[in-house]
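Notes for the structure review
If you want the building blocks of each chain, they are given just below.
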Amino acid sequence: MNNKTSIVNILVTGITLLLSYSVFAAEKQNAEQLYQQHCQSCHGLNRMGSMGPALFPENLSRLRKNKASGVISKGRVATQMPAFAQTLSKDDIDQLVEYIYTPAETVPEWSLADINASHVQHFDQSTLPNEPQFDADLMNLFIVVELGDHSATLLNGDTFEPITRFKTRFALHGGPKYSPDGRFVYFASRDGWISKYDIYNMKTVAEIRAGINTRNMAVSSDGKYAIVGNYLPHNIVILDTENLTPIKVVPTADKDGKSSRVSAVYNAPPRTSFIVALKDVKEVWEIPYSSAGGVEVYKGWAHDYRKDGGEGKVENWKSEEQFPIRRITTEDYLDDFFFDPEYINLIGASRDSQNGQVINLDAKKKVATIEMAGMPHLGSGITWDYQGKQVFASPNIKDGRVTVIDMDNWQVIKEIETEGPGFFMRSHSKSPYAWVDVFFGPNKEKVHIIKKDTLEIVKTLAPSPGKTAAHVEFTKDGKYVLLSIWDNDGEVIVYDANSLKEIKRLPMKKPSGKYNVYNKTHYERGTSH
Ligand code: DHE
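Residues numbered from 1 in each chain as written. Predicted model: local features only at pLDDT ≥ 70, side-chain atom pairs only at ≥ 80, totals over all residues. Heavy atoms only, no water.

1. A few points about the packing of aromatic side chains
- In the structure shown here, the tally under the stated rule is 18 aromatic pairs.
- When the centroid spacing of 5.2 Å and the interplanar angle of 90° are considered together, the rings of Tyr225 and Phe323 count as edge-to-face. Within this pair, whereas Tyr225 is found in strand E10 (residues 225-232), its partner Phe323 is found in the loop between strand E17 (318-319) and strand E18 (326-329), the two being separated by 98 residues in sequence. The pair Tyr225 / Phe323 is uniform in exposure class, with both members buried.
- Clustering of aromatic rings is evident, with ring pairs tying together Phe423, Phe424, Phe439, Phe440 and Trp486.
- Over the ring of Tyr99 we find Arg47, and its NZ or CZ is 4.7 Å from the ring centre. (Phe/Tyr/Trp six-rings, centres within 6.5 Å; stacked < 30°, edge-to-face > 60°. Helix = DSSP H or I, 4+ residues; strand = E, 2+ residues; numbered from the N terminus. Buried < 20%, exposed > 50% of the residue type's maximum accessible area, 1.4 Å probe, protein only. Lys NZ or Arg CZ within 6 Å of the ring centre and 35° of its normal.)

2. Focus on the confidence of the model for the chain
- Mean pLDDT over the chain stands at 90; residues scoring 70 or higher make up 89%.
- The ipTM, which scores confidence in the relative placement of chains, is 0.97 for this predicted complex, and the corresponding pTM is 0.89. (pLDDT = per-residue confidence, 0-100.)

3. Re the state of the cysteines
- Applying the stated criterion to the full structure yields 0 disulfides.
- Not engaged in a disulfide, the cysteine Cys39 finds its nearest cysteine sulfur in Cys42; these two sulfurs lie 8.9 Å apart.
- Given the relative accessible area of 31%, Cys42 is considered partly exposed. (Disulfide = S-S within 2.5 Å.)

4. Considering the pairing of strand E8 (residues 203-209)
- The buried fraction of E8 is high, at 6 of 7 residues.
- As paired strands, strand E1 (residues 120-121) and E8 are joined by 2 bridges and run antiparallel to one another. In the strand pairing of E8, Val120 is matched with Glu207.
- What sits between the antiparallel neighbours strand E7 (residues 193-198) and E8 is a turn of 4 residues, in which Met202 has the positive phi angle 55°. (Pairing = 2+ DSSP bridges.)

5. Structural notes on the environment of Lys366
- Along the chain, Lys366 turns up in strand E22 (residues 365-371).
- Taking C-alpha positions, Lys366 is 21 Å from Ser380, a pair spaced 14 residues apart along the chain.
- If we skip the residues at most four places from it in the chain, Lys366 touches Glu331, Gln357, Val358 and Ile359.
- At a separation of 3.1 Å, a polar atom in the side chain of Lys366 contacts the side chain of Glu331.
- A polar side-chain atom of Lys366 sits 3.1 Å from a polar atom in the side chain of Thr369. (Contact = heavy atoms within 4.5 Å. Polar contact = N/O pair within 3.5 Å; in protein donor to acceptor, adjacent residues only side chain to side chain.)

6. A short note on the coordination of the iron atom of the ligand
- No protein donor other than His173 (NE2) coordinates the iron atom of the ligand, and that contact is at 2.2 Å.
- Structurally, His173 can be placed in the loop between strand E4 (162-167) and strand E5 (177-178). (Donors = N, O, S within 2.8 Å, 3.2 Å for Na, K, Ca; no water.)

7. What to know about helix H2 (residues 65-74)
- All of the buried residues in H2 are Ala68, Ser69, Val71, Ile72 and Ser73.
- Packed against the buried residues of H2 are helix H3 (90-100).
- Two residues or fewer after H2 comes Gly75, characterised by a positive phi angle close to 85°.

8. Here we look at the layout of surface pockets
- Volume-wise, the second largest pocket comes out at about 330 Å³.
- Ranked by the residues each element gives to the lining of the second largest pocket, the list is headed by helix H1 (residues 3-43), at 5 residues.
- The residue makeup of the lining of the second largest pocket, split by class, is 7 nonpolar, 5 polar and 4 charged. (1 Å grid on protein atoms, 1.4 Å probe; cavity = no way out; pocket = protein on both sides within 12 Å on 5 of 7 lines; lining within 4 Å. Points joined across faces, edges and corners; volume = space filled by probe spheres on them. Nonpolar A, V, L, I, M, F, W, Y, C, P; charged D, E, K, R; others polar.)

9. Regarding the sheet that holds strand E2 (residues 141-146)
- Across the sheet, 4 strands lie side by side as E4-E3-E2-E35; this open sheet has antiparallel pairing. Every interior strand has two partners, whereas the edge strands, E4 and strand E35 (511-516), have only one. Taking each pair of neighbouring strands and ignoring which way they run, the sheet shows an average axis angle of 20°. (Axes fitted to C-alpha atoms, helices over the stretch in contact; angles between N-to-C directions.)

Printed below as a string of structure tokens:
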């Protein structure tokens, strides 16, 4: 090869590299623009998450690229993710997929220092009266979350009159959690803000940003601690509920160090522990919450921590570490959860499986498999007594069915056919009925009422034609039911829970969940926990 040829070759290679770099740069720029135009409003600035989850390779480890293009094209069942196949070309979708699987130039971090710096103390709790500043049955109050304008209403559950309405953080998700006495309510927003609201004084007293992209929170049964589970960063944050100051931040990774998002966190009252469900690894954690000087560990698993390595339980055992972690290995990923009322068994299912797994938390192992077709929404499951046994029922977010399961042998007793996939299910121990919505599809305006002792649908309501009717909550005594019409021009409709007659309509802006103080603080079987 003479000098001339090699110069030409070098030039050609250079130009090719330059061209492919320009194509890559142009595609990246295009993807960034597409992201801003179509994705940012839900998935947040710089992919950090907002209404939708954060989109970084670290958060997509369970989703293959071809599946990701399917999600962008067709939308994602049971989420707010719409289908883009009509709006974007295949090329655009491919570029977006590449973009979200590209690591961030600077890794988004939210350190303990960031959490502390975000803390806002709106009021000094000690200066506020300890008596409620309104007259109502404090156990029969409701908090109604209104997503339409990011507000919440404090509602009198006897008169069905609003007591006050206040601004919340943007995009709350999951049920707000009450302190055991019902005085305080804690909210979590999808972008990590935790707010403490003093119901007696109708004031938000403190706030802190515990994460960038948060799943949910739980409050301990003694009311002292709150736990927050995050998608970004991959961690849990334990807060002191007094002022919401952070006590401990624990990165979430399995025993081999593989990092994971947190699916959700729960309080397990009989175990005096938090349960942490991890999303990207096959582990569930249990974390007892402490009293000073060590943690009284739930007797069912004290043997895990025997210093002599021996078998068997140790009664009255205390851990020296505050919030020790007990790892429970699972056979499959778990995306959705339910606990039996005793909090001994966890019923979990992965999004892609046709089965539910029953995991005994004491024995740390799977004790049964439940055949469940479609995609059961275990998180919305409830229990009741049926023909002398305890049953568990769950709506299904893929198929029109409610699955009823015998909790003694974990066999399906009945699949109740509904007019479409449902999201939320509710009852009350004093009510003969269970209510389930038809959240998805053409029948979203409908709500079914199931008689608990026959497992038959006895009535179907469609109170606001064309508008989604979903999520009910009962009053403390189980005599009335409140149903949401999920629309900016929406309502909460009050029904007599026995005659099923409509009593009242309260205008609200896209009311989502509503939460009765008594039912929540007493872990009523018919409601979510
Ligand atoms: Fe939720 C609760 C997960 C989409 C409204 N949702 C929960 C809980 C979990 C969960 C783990 C229990 C936490 C708690 O209450 O502390 N939700 C998920 C998802 O994984 C999913 C499918 C996808 C996602 O976007 O995260 C999802 N959820 C939605 C929605 O699209 C809903 C309908 C509207 C919204 O607010 O984003 C929605 N989720 C709710 C509500 C609750 C909830 C109202 C509390 C129900 C209750 O009665 O306790």
